[in-house]
Each structure stands twice: as structure tokens, then as C-alpha cells.
Amino acid sequence: MTLLKVRRLELCDLESRVCWLNSPDVYRRMTVTVPLSLEETKRWYVGTLLNTSRHDLAFSLEDSGSLRVVAMGGVTDISLTHRHAEIYILVDPCLTGKGIGGKAVQWLCTWAFVSLGLKRVYLHTTGQNEPARRLYDRLGFVREGILRSHLWHQGRHVDRHVQGLLREEWARQTWYQESLQMEIEL
Ligand SMILES: CC(C)(COP(=O)(O)OP(=O)(O)OC[C@H]1O[C@@H](n2cnc3c(N)ncnc32)[C@H](O)[C@@H]1OP(=O)(O)O)[C@@H](O)C(=O)NCCC(=O)NCCS
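Fair warning: this is a prediction, and the values are worked out from it, not measured in the lab. (Residues numbered from 1 in each chain as written. Predicted model: local features only at pLDDT ≥ 70, side-chain atom pairs only at ≥ 80, totals over all residues. Heavy atoms only, no water.)

J.: Please provide a residue-by-residue account of the overall build of the protein, values included.
T.: A count of helical and extended segments in the protein gives seven helices and seven strands. Mapped from its N terminus to its C terminus, the protein presents α and β elements in the order β-α-α-α-β-β-β-α-β-α-β-β-α-α. Computed over the C-alpha atoms, the radius of gyration of the protein is 16 Å, within 12% of the 16 Å expected from 2.2 N^0.38 for a compact globule of 186 residues. The principal-axis extents of the C-alpha atoms in the protein amount to approximately 45 × 40 × 35 Å. When burial is assessed residue by residue, the protein has 46% of its 186 residues classed as buried. In the protein, the share of contacts with a sequence separation of at least 24, taken over all contacts with a separation of at least 6, comes to 62%. Looking at the protein as shown, the accessible area adds up to about 10100 Å², and 51% of this sits on carbon and sulfur atoms. Averaging the locations of the 24 positively and 21 negatively charged side chains of the protein gives two centres separated by 4 Å. (Helix = DSSP H or I, 4+ residues; strand = E, 2+ residues; numbered from the N terminus. Rg over C-alpha atoms; globule rule 2.2 N^0.38 Å. Buried < 20%, exposed > 50% of the residue type's maximum accessible area, 1.4 Å probe, protein only. Contact = heavy atoms within 4.5 Å. Areas by Shrake-Rupley, 256 points an atom, 1.4 Å probe, with all protein chains shown as cover. Lys, Arg positive; Asp, Glu negative; His and termini not counted. Charge placed at Lys NZ, Arg CZ, Asp CG, Glu CD.)

In C-alpha cells, the structure reads:
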């Protein structure tokens, strides 16, 4: 895969974001209430701009000479007291299984540990989202527990899984050295 470019999420990304989140492959596994509208997402976006404890980003790849946004992700609930934050990633549903999610998560972790100086990153997945958990397992995240029947999701209660990666665990991953070469400035 060629180099993933990263920048802040912009207003022009929201149409794609809505489209991806309204895709069954995504909303069946994520805690999103569909149909999601562009207006709602614009309101959410304005809120993110005012929220200093989160950064929402767009990942792009070069496609026929121009940049195409292939994933969106972020670091949220950043606590400088506890030095931890949550991460999330969302890949264009047409482009899954090509290594984009894995590379984007590596970028998010490296940015969180190097640029934000965090000690721990963690994330949540719903019970149905075993594919995402496998991706995080592969990257070295530890399965830390399950909040049973924690969420009301599409007409039923579902489990919420927690996985985490500590700074010292990140430094032991096979992808650590390579991730330090990534362009991690925004
Ligand atoms: C979960 C998600 C982020 C994975 O993204 P992705 O780009 O498909 O991830 P990757 O391609 O890096 O890895 C997925 C699989 O493809 C395989 N893969 C990676 N590169 C590959 C390549 N070049 N060729 C073939 N397969 C490849 C990986 O081995 C992995 O296999 P596995 O299912 O056995 O673990 C994506 O499906 C998504 O956006 N889901 C909806 C949102 C979500 O659930 N987010 C997580 C909660 S925050």
C-alpha cells in the first residue's frame, strides 16, 4: 500500500462519512443509529470542533493522481490527567480487507503515544464486531473485558468489548519501528 496521508476531518468529508455509516456492513457492527442524516452529522462535526478532548481525522490514498479519502478515525476522550484516550476507525466499506484499517490504527496509536504523550489507548467494539477485534488483536491490543448487555443496539441489548494497548506494549509490536517512520505531524 502506498503512503496513507492524514489530515483533520473537514466539512467536505461528511457526505462520505454519512454514506459509509449508513452502509449495513458498518451500522450492524457499530453503535450508530440509522438512517443517519447529513444535517445531524454536520451538527456532530461542529461539536467536535469545539471539543478539545478529541481529534477527528481523514486518511487518504493517492488514486489516479488525486487523493481519495479511504478511512476516517480519531482519538477521543483524551485525558491528559490519566494520559489515556479512546480511538476509533472507519474504513470505506468498498475498500476493506486491503490493510487500510490496520495502517490507520497504527498511525493513530503512534500519534497518541508520540505526539500526545499518552500512556494507554483503548477502544470499544460491539458483540457483533469480531472482525474489528481480530484486527486489534493482530496489532497487539489486549482484550480487557466485556460489559455484558451494555448497549441497546438495533432492537436488542448487545455486549460491549474493551481492548487496550499500553505504551510499553506498543513498543514491543513488530510494526513499532516502521510506525515511527510514519509522518505523524498533521
Ligand atoms: C474493522 C475495520 C476498521 C477493518 O478495516 P480493514 O481496512 O478491512 O482492515 P485490514 O484490511 O487492515 O484488516 C482486515 C482483514 O483484511 C486482511 N488483510 C489486510 N491486508 C490485506 C491484503 N492486502 N490483502 C488481503 N487481505 C488483507 C487482514 O489480515 C484482516 O484479516 P482478518 O479478518 O483475518 O483479521 C473496517 O471493517 C471497518 O471500518 N468497520 C466498520 C467500523 C468499525 O467496526 N470500526 C471498529 C470499531 S472502532
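Having seen it, we continue.
J.: Describe in detail the sheet that holds strand β4 (residues 84-91), supporting the description with residues and values.
T.: Strand order in the open sheet formed by seven strands is β1-β2-β3-β4-β5-β7-β6, with mixed pairing between adjacent strands. Of all strands in the sheet, those with a lone pairing partner are β1 (5-8) and β6 (142-153), marking the two edges. On average, each strand axis in the sheet is tilted by 30 degrees relative to the strand beside it, whichever way the strands run. Across eight bridges, β6 lies against strand β7 (residues 156-166) in antiparallel orientation. Residue Ile-146 lies in a different strand from β7, and its bridge partner there is His-161. Against the sheet, helix α1 (residues 14-21) touches β3 (66-79) and β4, its axis set at about 80 degrees to β3. Along the sheet, helix α4 (residues 100-115) makes contact with β1, β2 (55-63), β3, β4, β5 (120-126) and β7, crossing β4 at roughly 160 degrees. (Pairing = 2+ DSSP bridges. Axes fitted to C-alpha atoms, helices over the stretch in contact; angles between N-to-C directions.)

J.: So what about the packing of aromatic side chains? Which residues, and what values?
T.: Tallying each qualifying case throughout the model produces five aromatic pairs. Measuring from centroid to centroid gives 5.9 Å for Phe-59 and Trp-107, while their planes differ by 85 degrees, and the two rings are edge-to-face. With a gap of 48 residues between them, Phe-59 in strand β2 and Trp-107 in helix α4 connect regions that are remote in the sequence. Since its relative accessible area comes to 4%, Trp-107 is described here as buried. (Phe/Tyr/Trp six-rings, centres within 6.5 Å; stacked < 30°, edge-to-face > 60°.)

J.: Go over the site of the ligand with me, naming the residues and quoting the values.
T.: Residues in contact with the ligand amount to 18 residues; listed here are only the nearest, Val-91, Gly-97, Gly-99, Gly-101 and Asn-129. Gly-99 is positioned with one of its backbone polar atoms (N or O) 2.7 Å from an oxygen atom of the ligand. Here an oxygen atom of the ligand and a backbone polar atom of Gly-101 are 2.8 Å apart. Here the ligand loses 69% of its free accessible area of 930 Å² to cover by the protein chains. Broken down by secondary-structure element, the contributors of at least two residues to the shell around the ligand are β4, α4 and α5 (130-138). In terms of residue count, α5 provides more of the shell around the ligand than any other element does, five residues in total. (Near = heavy atom within 4 Å. Polar contact = N/O pair within 3.5 Å; in protein donor to acceptor, adjacent residues only side chain to side chain.)

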